[in-house]
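So the chains spell out like this:
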Amino acid sequence: MAVSAVDKVEIRGPVADVVDGAVYTWGPQEFAALYYDIDEDLGRESLTVTITGNALDEPNGVVYMTEAQRNDFDFEGWGEYWTIGFLADEYFAAYVEGGLLFDESTDTNLMKDEQLSRVLMDDDEERTFTTGTPLKLAEDYELAIQAIDLDGNKVFVQLMKNGAVVDAAVVEPSKAGATLKDKTYVYKKDLGDTEKIVIVAVHFKNAFRGADTDLATIDGIWQISDAYKDVEEDTEYDKMTIQTVDADAKTIMMNNEDNKITLTKKRDVSLMENIRIRTADQDDISPENPLRFFFYKEITEPGTYEIRGTFKDLGMGTVEWDVSSFAGFYYDIDDNLGTEKITMTITGNALEEPNGVVYTTEAQNSKFDFDQWGQYWTIGFLAEEYFAAYDEGSHLFTESTDANLMKDEQLSRVLIDDDEERTFASGTPLKLAEDYELAIQAIDLDGNKVFVQLMKNGAVVDAAVIEPSKAGATLKDKTYIYKKDLGDTEKIVTIAVHFKNAFRGAETDLATVNGIWQISDTYADIEEDTEYDKMTIQTVDADAKTIMMNNEDNKITLTKKRDVSLMENIRIKTADQDDISPENPLRFYIYKEMTIEAEDEEPAPVPVAAPEPVVEPVVVEEPVVEPVVVEEPVVEEPVHEEPVEEPEEENGIPGFEAVFAITGLLAVSYLVLRKRE
């Protein structure tokens, strides 16, 4: 499965227009970031937006509502709990009366104390762990087997957090007539004003005492966070304030009291925690073309996340997703670009081949951020932005031998397109994508000509002279370009950098750039009959710049609890749904999976580089000793051999090395005086 690795994940909602008097309401169906459980069809968060002029006036320009719902534990023996979406995440609200964890808790309803806790684990997966391998839980908790009695009936366990024991108990999963309580380990803890509520529960299926190792099998884990979320009235989350908390109805309402939000172009506003509002960097704003905006959730914590489309069911016949209903597709709000579409035709419980799934996309004209270069053709493909061709008449079209990748049935990822102003120096190359760097080698005395080298992975791949500061400098004079063959496409510009000016300093040369363009030198093959998982490219029209794929030879059956790779990192997920009927058809959606990698996952160079400095001092010390060798046998005495043979005795007698240095100097002095005589 192809998973996109990124620094952050953005899950956007529908695109809307800033129109006076407009009212928009979005729930988890429309805004994929809001909490939704497809298995149980749970999720009651909503955002209602009312626009006055070009603003979200306070107090009710933005109103957020959420409501708890009953949910079964994955381990059904424990009964039910109340779950609630809050700030686009799943939270625990309370235990339902009659369940074991309700009975085991002193206080059972967090919402009565105006609190919530994140749901960390809820599964019934069967796992076996031993005395030597504790059961890993979330938030650095571990459950460890300390001992099992001779009959294998009683298991003595300890719960640890960050290696420190916080609880111990005896569980009796294998005794005759063992009850649910006998088989369940529970850990209770005070959360704020809530006393001794169960935050960890583990159900033991059985236990076994071995000759060397004790084993236990578990088939149920439940854990909520020991760091609670405050939902007290008047609590502020950025621009939103909690107005009401009803512990009985289990509802929460927030609005933007005291925080008017003005929607003007190119704004990015934090609404509440990681939910934000973004407006387009849009020049052509008019009553006929209003300013565009959307809400989105920004995620920066390492992990793997789903960006899902609107959920459908098998009773719908024909269903469709485009950029407005699937946040995973490529969309540029500034220029309103994005044409990807998936249409599914459901026959019974299957997507028959060849046209059960049809994917289409079309290239659109887009301006370079550095607008003097003109325009190019951009296309969404496999839910990513790709470059298709340079627009005829653009500067980079003129500079390329072949200017249209689609004519050769190829595409290339757009890596950089910006007009941010940057200054770089001769000693600090300009960093580009895919390990490219552009380095200043020299600037002439007048500061008119800049000699640059392009490197990839440290190796020089190109060199050129740019003349940004000469009188009457043209766009071509000021633009560095790098052309490269991409498959069958000859000498197409893959990198362009626009130099604003250059300066020759006494010690350092400087240059300012205000436009960078780069496409990948690894192209995507879109030749007809190319397969991407279950999809096959059927047509590529280089003139109309369109692509169509379908599921030829790949019938896709939609049954419960399936996760199917459709094409690259776009997948289909069906619900783990027990109550399937004509009145309640199986639910499903498409989604794109993205991964944020932890920063500490790439420390590999450190241990490799560490030994090198230890070796280098030995190399450096050798020249200090060797100058004593003045090509006369008299000097090549053991005096100079000894420090070379024992270079690492740094912890010996302080100043010992100096003795040899002084001796060497005396020897040289003696030879010089002798020659003078």
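Since the model is a prediction, treat every value here as computed from it, not as a measurement.

(A) Representation of the sheet that holds strand 46 (residues 531-532) within the structure. Pairing is antiparallel across the open sheet formed by six strands, whose spatial order is 30-31-33-48-47-46. Strands with a single pairing partner mark the edges of an open sheet, and in this sheet they are strand 30 (318-321) and strand 46. Two strands pair when backbone bridges link them, and strand 46 and strand 47 (residues 535-541) are joined in this way by two bridges, in the antiparallel orientation. Directly across from Glu531, in strand 47, lies its bridge partner Thr536.

(B) Fine view of the pattern of salt bridges. The full count for this structure, using the stated rule, is 35 salt bridges. When the shortest N-O distance is used, the salt bridge between Lys136 and Glu142 registers 2.3 Å. A residue is classified by how much of its surface remains accessible, and Glu142, at 18% relative accessible area, is buried. Among the ionic pairs, Lys476 bridges to Glu399, the shortest N-O distance being 3.8 Å. With Lys476 in helix 4 (residues 475-478) and Glu399 in helix 3 (residues 395-399), the pair connects residues that are 77 residues apart, well separated along the chain. According to the relative accessible area criterion, Lys476 is exposed, its value standing at 54%. The class for Glu399 is buried, based on a relative accessible area of 13%. Among the ionic contacts, a cluster of salt bridges with common partners joins Lys8, Glu10, Asp268, Arg276, Arg278 and Glu298.

(C) Fine view of the pairing of strand 17 (residues 184-191). Sheet analysis places strand 17 next to strand 18 (residues 194-209), joined by seven bridges and oriented antiparallel. Bridge pairing links Val186 to Ala201 in strand 18. Taking the residues between adjacent antiparallel strands as the criterion, strand 17 and strand 18 are bridged by two residues, where Gly192 takes a positive phi near 60°.

(D) The nonpolar core, seen in detail. Phe86, Ile342, Met344 and Phe381 are the most contacted members of the largest nonpolar core, which totals 103 residues. A total of six residues in this core trace back to one element, the largest contributor, which is strand 52 (residues 587-596). Among residues more than four places away in sequence, those in contact with Ile342 are Val319, Glu320, Trp321, Phe329, Val357, Val358, Tyr359, Leu566, Met567, Ile570 and Ile590. Judged by nonpolar contacts, the second largest core, of 40 residues, contains Leu100, Ala138, Tyr141 and Leu159.

(E) Region of interest: the pairing of strand 43 (residues 479-486). In this sheet, strand 44 (residues 489-504) lies alongside strand 43 in antiparallel orientation, the contact comprising seven bridges. Counted as the bridge partner of Leu486 is Thr489 from strand 44. Once strand 43 ends, the chain turns through two residues before running back antiparallel as strand 44, passing Gly487 with a positive phi of about 60°.

(F) The arrangement of the environment of Glu320 in detail. By the secondary structure assignment, Glu320 is in strand 30. Since its relative accessible area comes to 37%, Glu320 is described here as partly exposed. Taking C-alpha positions, Glu320 is 9.6 Å from Val357, a pair spaced 37 residues apart along the chain. Setting aside residues up to four positions removed in sequence, Glu320 forms contacts with Lys312, Ser325, Lys341, Ile342 and Thr343. Within the structure, the side chain of Glu320 is placed 3.3 Å from the side chain of Thr343, a separation counted as a polar contact.

(G) Local environment of the sheet that holds strand 16 (residues 164-171). Taken together, four strands build an open sheet; the order of strands is 13-14-15-16 and the sheet is antiparallel. For this open sheet the edge positions go to strand 13 (135-136) and strand 16, each flanked by a neighbour on one side alone. As judged from the seven bridges shared by strand 14 (residues 141-148) and strand 15 (residues 155-161), these two strands associate in the antiparallel manner. What sits directly across from Tyr141, in strand 15, is Lys161.

(H) Unusual backbone geometry, seen in detail. With omega at 15°, the peptide bond leading from Glu58 into Pro59 counts as cis. When you line up the elements, Pro59 lands in the loop between strand 6 (55-56) and strand 7 (62-67). The residue after Glu353, namely Pro354, is reached through a cis peptide bond having omega 10°. Structurally, Pro354 is set in the loop between strand 32 (350-351) and strand 33 (357-362). The phi torsion at Leu87 lies on the positive side, around 55°, for a residue other than glycine. On the secondary structure map, Leu87 appears in the loop between strand 9 (80-86) and strand 10 (89-95).

(I) Summary view of the side chain of Thr512. Note on placement: Thr512 falls in strand 45 (residues 509-525). We classify Thr512 as buried; its relative accessible area is 10%. Those residues in contact with Thr512 that sit more than four places away from it in its chain are Glu421, Arg422, Thr423, His498, Phe499, Lys500 and Asn501.

(J) Summary view of the packing of aromatic side chains. Using the criterion set out here, one finds 41 aromatic pairs in the structure. Relative to Tyr296, the ring of Phe294 has its centre 6.0 Å away and its plane inclined at 85°; by these criteria the two rings are edge-to-face. Across the pair, exposure class does not vary: Phe294 and Tyr296 are buried alike. For the ring pair Phe368 and Tyr376, a centre distance of 4.8 Å and an interplane angle of 40° mean the geometry is tilted. For the pair formed by Phe368 and Tyr376, the shared burial category is buried. Among the aromatic residues, those joined into a ring-pair cluster are Phe73, Phe75, Trp78, Tyr81, Phe92, Tyr95 and Trp222. For Lys250, the ring lying beneath its charged end belongs to Trp82, and the centroid distance is 4.6 Å. One cation-aromatic arrangement involves Arg278 over Tyr296; the distance from NZ or CZ to the ring centre is 4.5 Å.

(K) Structural context of the environment of Tyr228. Along the chain, the position of Tyr228 falls in the loop between strand 19 (214-224) and strand 20 (229-230). The class for Tyr228 is partly exposed, based on a relative accessible area of 41%. Residues Tyr228 and Leu110, 118 residues apart in the sequence, show an inter-C-alpha distance of 9.1 Å. Among residues more than four places away in sequence, those in contact with Tyr228 are Gln115, Leu116, Leu191 and Gly192.

Thresholds, definitions, all that
- Residues numbered from 1 in each chain as written.
- Predicted model: local features only at pLDDT ≥ 70, side-chain atom pairs only at ≥ 80, totals over all residues.
- Heavy atoms only, no water.
- Pairing = 2+ DSSP bridges.
- Helix = DSSP H or I, 4+ residues; strand = E, 2+ residues; numbered from the N terminus.
- Salt bridge = Lys/Arg side-chain N within 4 Å of Asp/Glu carboxyl O.
- Buried < 20%, exposed > 50% of the residue type's maximum accessible area, 1.4 Å probe, protein only.
- Core = buried A, V, L, I, M, F, W, Y, C linked by side-chain atoms within 4.5 Å.
- Contact = heavy atoms within 4.5 Å.
- Polar contact = N/O pair within 3.5 Å; in protein donor to acceptor, adjacent residues only side chain to side chain.
- Phe/Tyr/Trp six-rings, centres within 6.5 Å; stacked < 30°, edge-to-face > 60°.
- Lys NZ or Arg CZ within 6 Å of the ring centre and 35° of its normal.

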